[in-house]
Amino acid sequence: QVQLVESGGGSVQAGGSLILSCAASGSIFLINTMGWYRQAPGKQRELVAGITNGGYTNYADSVSGRFIISRDNAKNTANLQMNSLKPEDTAVYYCNAGTRNRPYWGKGTLVTVSS
């Protein structure tokens, strides 16, 4: 009932920046929290950043101080500003939206950081 579409992925050199966007549609009134996860080669999917309805944010230790998550409820959009990118940030990034019943996932967008 919720559809999520990511955009903004691409290739960048170490030290560069990218902005990822997630657009939600469908039964958007069901969404409580939104966040960004990533899955790097050979690793499990992990939380990058999350934001609650109350505006609380949390970040993975590896991105704290470099990434910023924001949410525009009127536009049903969640953005991830990624700064000072490192090669270890290379991964497929997935948008997530949480409801009382289940989470919803986007199909992912690839971010590649070269050294």
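The structure this text deals with has already been given above.
Mind laying out the side chain of T109, listing which residues take part and the relevant values?
Among the secondary structure elements, T109 is positioned in strand β11 (residues 109-114). At 3.3 Å, the side chain of T109 and the backbone nitrogen of G9 are in polar contact. Those residues in contact with T109, other than ones at most four positions away along the chain, are E6, G9, L20, A91, V92 and Y93.

Let's hear about the nonpolar core: which residues, and what values?
Ranked by internal contacts, the top residues of the largest apolar core, which has 29 residues, are L4, M34, W36, L80, M82 and Y93. Excluding anything up to four places from it in sequence, M34 contacts L4, C22, A24, G50, I51, I69, R71, A78, C95, N96 and A97.

Lay out the pairing of strand β9 (residues 91-98) with the relevant residues and their values.
Burial runs high along β9: 7 of the 8 residues are buried. Bridge count for strand β4 (residues 33-39) against β9 is 7 bridges, and the pairing is antiparallel. Counterpart to Q39 in the pairing with β9 is V92. Note that β9 and β11 share 3 bridges and pair antiparallel. Residue pairing in the sheet places V92 in a bridge with L110 of β11. Pairing of β9 with strand β10 (residues 103-105), which is carried by 3 bridges, proceeds in the antiparallel orientation. Note that in β10 the partner of A97 across the bridge is Y104. Hairpin connection from β9 to β10: 4 residues lie between these consecutive antiparallel strands.

Please provide a residue-by-residue account of the sheet that holds strand β8 (residues 77-82), values included.
Pairing is antiparallel across the open sheet formed by 4 strands, whose spatial order is β1-β3-β8-β7. Of all the strands in the sheet, the pair left with one neighbour each is β1 (2-7) and β7 (67-72). Strand-to-strand, the axes of this sheet are offset by a mean angle of 15°, without reference to chain direction. Relative to β8, strand β3 (residues 18-26) runs antiparallel, the two being bridged by 6 bridges. Each residue of the ladder has a partner; that of L20, found in β8, is L80.

Lay out the packing of aromatic side chains with the relevant residues and their values.
Within this structure, the stated rule accounts for 1 aromatic pair. Judged by centre distance (5.0 Å) and plane angle (70°), the ring pair of Y37 and W105 falls under edge-to-face. Pair noted here: Y37 is in strand β4 and W105 is in strand β10, with a separation of 68 residues, a long-range link. Using a relative accessible area of 23% as the deciding quantity, one classes Y37 as partly exposed. A cation over an aromatic ring shows up here: R45 above the ring of Y94, its NZ or CZ 3.7 Å from the ring centre. Cation over ring: R102 sits above Y104, and NZ or CZ is 4.0 Å from the ring centre.

Reading the values: rules and limits
Residues numbered from 1 in each chain as written. Predicted model: local features only at pLDDT ≥ 70, side-chain atom pairs only at ≥ 80, totals over all residues. Heavy atoms only, no water. Helix = DSSP H or I, 4+ residues; strand = E, 2+ residues; numbered from the N terminus. Polar contact = N/O pair within 3.5 Å; in protein donor to acceptor, adjacent residues only side chain to side chain. Contact = heavy atoms within 4.5 Å. Core = buried A, V, L, I, M, F, W, Y, C linked by side-chain atoms within 4.5 Å. Buried < 20%, exposed > 50% of the residue type's maximum accessible area, 1.4 Å probe, protein only. Pairing = 2+ DSSP bridges. Axes fitted to C-alpha atoms, helices over the stretch in contact; angles between N-to-C directions. Phe/Tyr/Trp six-rings, centres within 6.5 Å; stacked < 30°, edge-to-face > 60°. Lys NZ or Arg CZ within 6 Å of the ring centre and 35° of its normal.

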